[in-house]
Structures are given as C-alpha cells and as structure tokens.
Amino acid sequence: MLKLDAVAAGYGTFQALFGTTLDVNAGEAVGVIGPNGAGKTTLMRVISGMIRPWSGAISMEGVDVLAEAPHRIIELGIAHVPENRRLFPRLTVEGNLRMGAFTPSARAKFAHRLEFVFDLFPRMKERRNQLAGTLSGGEQQMCAIGRALMSDPKLLLLDEPSAGLAPVVVQQVFELVQRIRSGGLTVLIVEQNVQQVLRVVDRAYLLEAGNIRASGASAELLASDTIKQAYLGV
Amino acid sequence: MFEFFDVYLLEAVISGILLGGVLALIALGLNLIFGVIDVVWICYAELIMIGMYGLYYFYSVYGLPMWIAAPACIALVAVLGLLLHYIVIQPLLDAAPINQLLATGGVLFFLQSFATVAFGIDFRNLGIRLPVLAIGEMHFSFARLLAFLAALAGMVVIYLFMTRTYIGTAIRAISQDRQIMVLMGVDTKRLYLVTSALGGALAGLAACLLVLQYDVHPFVGLSFGPITFLIVVLGGLGNFIGGFVAAFVFAEIISLGGLYSDLEWGYVLAFAFFILMMFARPQGLLARRS
Ligand SMILES: Nc1ncnc2c1ncn2[C@@H]1O[C@H](COP(=O)(O)OP(=O)(O)OP(=O)(O)O)[C@@H](O)[C@H]1O
Ligand SMILES: [Mg+2]
C-alpha cells in the first residue's frame, strides 16, 4: 500500500533520514521504533507532506505521493496524528473534528464520520462543545485520533500516541490501536514504548540515526538480542 | 462635574457606542489579516480611503443606485485586498516581519500619492443629507446610527461565517497551529487569499459607512488609521473579542473626552490611555494566560 524508496530528508542543511526504504501492506499494522532523535517523526512528516524529502520516492497504492501538492496527500487516504497531538486548543472538540473533515470529499460524509468517531469515543460526544485545550491528556489523544479518522483514511500514521500519558491510559491507547486495526485500517505507528507496541503490530522497523538498522516480524524483534539489550532493558 | 443624568453625558456615551461599532469593524478586519497571515496591513486605513472614493464615484459621479454602488465598493476593496496579498505579501511571507511592515507601509504612501494624483486633494462627499434624530434633548445623526447598525450586521455575518463554515473554522484554526494545516488538507495559500479578500471586503464596508459621515480626501486614513492600530494592539493582535472590546473602550474615551472640550482632546486622552496600558498590560486588554 505505502512504499518508501531511499527517502532522504532533513531540515535546512541538517540531514535526518539517510535513504529510508520501507513498505506497509494493506491491512497491516507496522511499527517504527528507535531512540530519541532517530528521525521517526521526520519519517512520518515526509509521508504526510509536512516536509518534502530531498530525494527518494514515496507511493501510496501506486500513486506517486510526491507528485501531489502537500495538502492533497490526505486525499490519497493518508491521515497523520502528529507528535504531541497538536490539537487546536481554542477550538471545541467538534471544531477539531470538523477540521479533520476539511477536504471536499470528507465534508460530504461529515455526519456519517462524526457518528463513527463518537461511537469509537463516546467521551468525545460528551465533550463535543468543550475546548480541546481543556481536555485531559488521554482525551486529547482520542480527539487527535478522532480528527484523523474524520477523513476516512486508509492509512493512519500515529506518532507516539502513548507519550506523556498515565500508564492506565497508555494501555487504553494500545487497545484502541488494536480496535482500529481490526476495523480494517492500515496503521503505521511510531513508539518509544517498544515492548507494548511490538505486541500490537505485525512487523516493525528499527530506525537509528536516520538509518533502518533492523526490521522483521514483531516476534522476531522481541526475541532479537539487539532490541532486547537496547530497548527492552533485559 | 456633572450630575448623573446629564443629557450631554448620555449623548456622549451613546455617540461613543455608535463610533465604537465602526471602529470594531475596522479592528476586526485588521485582526483577521493578522490572525491568519501573521502580517499587519499598515495600509488598512488607506484601503478604506480608496473605498470611500469608490463609493463616491459609483454613487455621486456615475449615478449608480446605492444598492448597487455599495456592494460594488465592497467588491472593489475586496479585490484590492486580494491584489495586495498577491503582489506584496505573498512574496514576502518568509521575510522578516520588519520587511513586511515596511512593504505595507510603502503601499500606504503609494495609495495616498495615487489618490492625490488621481482624485486631487479636494474634500468630497456623497452629498446625502440624512436627518438628525432627536430623542428628548439628545441629537444623533441618522448616518451614524445607520453606520453602527450596518457595522454590527457585518460583524454578525463574519461571526456566523467563522463559526458555521469550514473555511471560517480553518481561519480560526490556522493561528493556533500553522504547520499542521497541511495535514487537514488545507491549502494555506488559498486560505490567505480568501482571508485577504475578506479583510478587503470589511474595509470596503467600513468605507461605505465612513463616507456617509465624513468627507473623503487622500489623507483621510490618517484620521482613523492610528486609532485602529491602538485598538488592535490593546485588544491583543489577532484577538477578535479583545479588538471588539477595545474598540468600544477607545470610542468611549474619545467621545467622553470630547465632552470637556473638543474631539481632538478625546484623541489625546485615547493615546495617553494607550501608553499607560502598554505599561500596565503589554499583552493587551484580554491577554490570554499562557
Ligand atoms: N523542525 C526541525 N528543525 C530542525 N531540526 C529538526 C526539526 N525536527 C527535528 N529535527 C532534528 O532531526 C532529527 C530527527 O528528529 P525527529 O523528530 O525525526 O526524531 P524522533 O525519532 O522523532 O525523536 P523523538 O523520539 O525524540 O520524537 C533530530 O536530530 C532533531 O533534532
Ligand atoms: Mg518524534
């Protein structure tokens, strides 16, 4: 479904990704793990159009993503829940969800999608008229995921959805990821929470200093010595 | 001092409210542009001046009926706003703020000179004499009442637009997080153009309302431009509600200050108040706690 081929990217003269090649098949959940500053967020940004790569190719269901204007990438079915949620704090929950349905095709099914998101997160329905900035951390994450789901995407990019949340809430977030997957959505998820994320994804890539160092099925990675020593603390 | 129910006092208070409506409309236009595009149109009052000439020509010179002339004037200034963005601001979006300020300052002088050359320095007016309303011993010009109501109606329309439409929601969202607008599928370039046209249209509406009350000349922008900048700064740049409140605060200061002697003293007081407030609340009247 999504294919990245030798993607290089960075900020100004600083290079953060050195020729990343990666693919995600339809219906899969794929993880990206790695230490701070590895370039995980940069990878997500390059896919969703927040930044443009320096070189390389990206395709979504055979369509050349880089040939699209950045704001049209969402119309290819890619929705990105950015690092730190990035809600619009002074819009209501519903205002944020409305922004998630900004594209013409999403507007047409707004009512339908809203119902879908409210079914997934009844809490969001209760809080629909509350300013997003006043929500708790867990609720903000629900709102951010809900906002991305408003566009009825095929591929959901999640950048550290569990960051900064209380342990109980982290658990809920991973359960949610599982539920979203079983609904047929393809997921690419970045996480620092290696142990937990490897339990919900099929495969994962290990990104270090802008390079893919390892990749494989979750079970393999959980068993591998590199991962064990560096990320699982055993 | 005066007694509580002094009619002059009451008249001044009401005049202040009427004046505040138009000032609030202008402040809204400036805040809209600043909130979305992050630039200050220093030449905003000059756009209004061109609009005042526009209505003067459409109505008094070409003899169009008002119901065509006023919308045509609003459309004219909306197009000017669009051009201003397209020609001057867009190439400077990534430039230092001071350069953007200088550029729109340049447009200010350009428009003043253009008006001087094109229209001459004579004072002109629509030649409409609207009646004066007498309520008890108080007198209000009908033109001011009309301007107040139209400004209010304009603001209500903008409010509905901002809260009920997708573009309006995007306009409120973009000042809260510019970088992720692309993730929502928003074409920021296009949003800037829409906002510029909207800011221009508001200037056009203000022009129609002002030229009902005042003569137009190439430098008329100087008589209300500075005060509107004080209003948006005091209200907190980009803060719509703050600008609205500050507009009425300033209008009351001008109007009540004018009671003691003439209106010029009202302006002196308003500027003094501004300087004091800049010491007391540099982030503006309704600064958000952050
Ligand atoms: N906006 C930016 N401007 C300049 N450099 C940046 C920017 N964002 C990230 N970087 C740099 O790019 C490198 C990769 O950052 P990135 O955010 O992609 O890492 P990450 O793997 O997501 O890290 P974390 O786990 O801390 O979120 C880092 O060295 C970072 O300092
Ligand atoms: Mg990151």
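Residues numbered from 1 in each chain as written. Chains lettered and ligands numbered in written order. Predicted model: local features only at pLDDT ≥ 70, side-chain atom pairs only at ≥ 80, totals over all residues. Heavy atoms only, no water.

> Which residues make up the overall build of chain A, and what values go with them?
The number of helices and strands found in chain A is 10 helices and 10 strands. Rg of the C-alpha trace for chain A: 17 Å, near the compact-globule value of 17 Å for 234 residues, within the 12% margin. For chain A, the spread of C-alpha atoms along the three principal axes comes to 45 × 40 × 30 Å. Counting over 234 residues, chain A shows a buried share of 55%. If you take every contact in chain A between residues at least 6 apart in sequence, the share linking residues at least 24 apart comes to 67%. Split by element, the accessible area of chain A, about 9,600 Å² in all, is 50% carbon and sulfur. Each charge class in chain A was averaged separately, 24 positive and 22 negative side chains, and the resulting centres sit 6 Å apart. (Helix = DSSP H or I, 4+ residues; strand = E, 2+ residues; numbered from the N terminus. Rg over C-alpha atoms; globule rule 2.2 N^0.38 Å. Buried < 20%, exposed > 50% of the residue type's maximum accessible area, 1.4 Å probe, protein only. Contact = heavy atoms within 4.5 Å. Areas by Shrake-Rupley, 256 points an atom, 1.4 Å probe, with all protein chains shown as cover. Lys, Arg positive; Asp, Glu negative; His and termini not counted. Charge placed at Lys NZ, Arg CZ, Asp CG, Glu CD.)

> Before we move on, could you go through the overall build of chain B and cite the residues and values that matter?
Across its full length, chain B carries 10 helices and 2 strands. In sequence order, chain B lays out its α and β elements as α-α-α-α-β-β-α-α-α-α-α-α. Radius of gyration (C-alpha) of chain B: 19 Å, near the 19 Å computed for a compact globule of 290 residues. Per-residue burial over chain B gives 50% buried out of 290 residues. When contacts within chain B are restricted to residue pairs at least 6 apart in sequence, those whose partners lie at least 24 apart make up 76%. Carbon and sulfur atoms form 70% of the exposed surface of chain B, whose accessible area is close to 13,600 Å². Across chain B, the 11 positively charged side chains and the 14 negatively charged ones have centroids separated by 14 Å.

> Mind laying out the environment of Pro161(A), listing which residues take part and the relevant values?
Residues and elements named next belong to chain A. Along the chain, Pro 161 falls in the loop between strand S7 (155-159) and helix H7 (167-182). Here the alpha-carbon distance between Pro 161 and Gly 138, two residues 23 residues apart in the chain, equals 9.4 Å. Leaving out residues up to four positions away in the same chain, Pro 161 has contacts with Arg 85, Gln 141, Val 173, Ile 189, Val 190 and Glu 191.

> Talk me through the interface of chain A and chain B; I want residue IDs and the actual numbers.
Counting residues at the interface gives 23 residues for chain A, matched by 18 residues for chain B. Across the chain A/chain B interface, buried area totals approximately 2,100 Å², and carbon plus sulfur atoms make up 67% of it. Three residues stand out in chain A for area buried against chain B, namely His71(A), Arg90(A) and Phe102(A), and they jointly supply 30% of the buried area on that side. Linking chain A to chain B there are 1 salt bridge. Between Arg86(A) and Asp177(B) there is a salt bridge, with its nearest N and O atoms 2.6 Å apart. On the surface where chain A and chain B come into contact, there are 3 residue pairs in polar contact (both at pLDDT 80 or more). The dominant element in the side of chain A that touches chain B, judged by the number of residues it contributes, is helix H2 (residues 93-100) of chain A, at 4 residues. (Buried area = accessible area lost by both parts, 1.4 Å probe. Salt bridge = Lys/Arg side-chain N within 4 Å of Asp/Glu carboxyl O. Polar contact = N/O pair within 3.5 Å; in protein donor to acceptor, adjacent residues only side chain to side chain.)

> Pulling in residues and values, what's your account of the sheet that holds strand S2 (residues 14-24) of chain A?
All names here are of chain A. Spatially, S2-S1-S4-S5 is the arrangement adopted by the 4 strands of the open sheet, whose pairing is antiparallel. Either end of the sheet is taken by a strand with one partner, and the two such strands are S2 and strand S5 (63-64). Strand direction decides the pairing type here: strand S1 (residues 2-11) and S2, joined by 7 bridges, are antiparallel. Residue pairing in the sheet places Lys 3 in a bridge with Asp 23 of S2. (Pairing = 2+ DSSP bridges.)

> So, helix H3 (residues 66-89) of chain B: which residues are in play, and what are the values?
All names here are of chain B. Between the first and last C-alpha of H3 there are 33 Å, a value that for 24 residues agrees with the 34 Å anticipated at 1.5 Å per step. Of all the positions in H3, only Ala 69, Ala 70, Cys 73, Val 77, Ala 78, Gly 81, Leu 84, His 85, Val 88 and Ile 89 are classed as buried. Tucked into the core, H3 has its buried residues touching helix H1 (7-37), helix H2 (44-61), helix H4 (97-119) and helix H7 (188-211). (Expected span 1.5 Å × (residues − 1).)

> Quick rundown of the nonpolar core? Include the residues and the values.
Within the largest apolar cluster, 146 residues are counted, with the highest numbers of intra-cluster contacts made by Met99(A), Leu156(A), Ile180(A), Trp41(B), Tyr44(B) and Ile48(B). For this core, the element with the most residues is H1(B), which contributes 15 residues. Setting aside residues up to four positions removed in sequence, Ile180(A) forms contacts with Leu120(A), Ile145(A), Leu149(A), Leu156(A), Leu185(A) and Val187(A). Counting 28 residues, the second largest nonpolar core, distinct from the first, contains Leu43(A), Leu76(A), Leu188(A) and Val190(A). (Core = buried A, V, L, I, M, F, W, Y, C linked by side-chain atoms within 4.5 Å.)

> Please set out helix H9 (residues 240-260) of chain B residue by residue, giving values where relevant.
With 21 residues, H9(B) extends 31 Å from end C-alpha to end C-alpha; this agrees with the ideal 30 Å at 1.5 Å per step. The N-cap residue of H9(B) is Asn239(B): its side-chain oxygen and the backbone nitrogen of Ile241(B) are 3.2 Å apart.

> A description of the site of ligand 1 should follow, citing residues and the corresponding values.
Residue and element names in this part refer to chain A. Lys 40, Thr 41, Thr 42, Glu 83 and Gln 192 are the nearest of the 15 residues found near ligand 1. Contacts to ligand 1 include Gly 37, whose backbone N or O atom sits 2.8 Å from an oxygen atom. In this structure, Thr 41 approaches ligand 1 through a side-chain N or O atom, which is 2.6 Å from an oxygen atom. Relative to its unbound accessible area of 630 Å², ligand 1 is 64% covered by the protein chains. Going through the elements one at a time, S2 and helix H1 (40-48) are the ones with two or more residues in the shell around ligand 1. Counting residues per element, the shell around ligand 1 draws most heavily on H1, at 4 residues. Residue composition of the shell around ligand 1, by class: 5 nonpolar, 6 polar and 4 charged. (Near = heavy atom within 4 Å. Nonpolar A, V, L, I, M, F, W, Y, C, P; charged D, E, K, R; others polar.)

> So what about the layout of surface pockets? Which residues, and what values?
What the largest pocket holds in volume is close to 1,200 Å³. When residues of the lining of the largest pocket are traced back to their parent elements, those giving at least two are H2 of chain A together with H1, helix H5 (142-164), helix H6 (166-174) and H9 of chain B. Taken together, the residues of the lining of the largest pocket break down into 20 nonpolar, 14 polar and 7 charged. (1 Å grid on protein atoms, 1.4 Å probe; cavity = no way out; pocket = protein on both sides within 12 Å on 5 of 7 lines; lining within 4 Å. Points joined across faces, edges and corners; volume = space filled by probe spheres on them.)

> Residues and numbers for the coordination of the magnesium ion (ligand 2), please.
Residues and elements named next belong to chain A. In this structure, Thr 41 (OG1) and Glu 83 (OE) serve as the protein donors to the magnesium ion (ligand 2), at separations of 1.9 to 2.3 Å. Pair noted here: Thr 41 is in helix H1 and Glu 83 is in the loop between strand S6 (78-81) and H2, with a separation of 42 residues, a long-range link. Assessed through its relative accessible area of 26%, Glu 83 is described here as partly exposed. (Donors = N, O, S within 2.8 Å, 3.2 Å for Na, K, Ca; no water.)

> How would you explain the confidence of the model for chain B if you had to name every residue and give the values?
Per-residue confidence for chain B averages 90 on the pLDDT scale, and 95% of its residues sit at or above 70. ipTM for the predicted complex: 0.93, alongside a pTM of 0.89. (pLDDT = per-residue confidence, 0-100.)

> Lay out empty space enclosed by the protein in plain terms, naming residues and giving numbers.
Residue and element names in this part refer to chain A. Counted according to the given criterion, the structure contains 3 cavities of 30 Å³ or more. Looking at the largest cavity, its volume works out to about 70 Å³. Among the elements of the structure, S6 and helix H6 (137-149) are those that each provide at least two residues to the lining of the largest cavity. Residues that form the lining of the largest cavity fall into these classes: 7 nonpolar, 3 polar and 1 charged.

> So what about the sheet that holds S7(A)? Which residues, and what values?
Residues and elements named next belong to chain A. Strands sit in the order S6-S7-S8-S3-S9-S10 across an open sheet of 6 strands; the sheet is mixed. Two strands in the sheet have a free side with no partner beyond their single neighbour: S6 and strand S10 (211-217). Strand-to-strand twist in this sheet, taken as the mean axis angle between neighbours without regard to direction, amounts to 15°. (Axes fitted to C-alpha atoms, helices over the stretch in contact; angles between N-to-C directions.)

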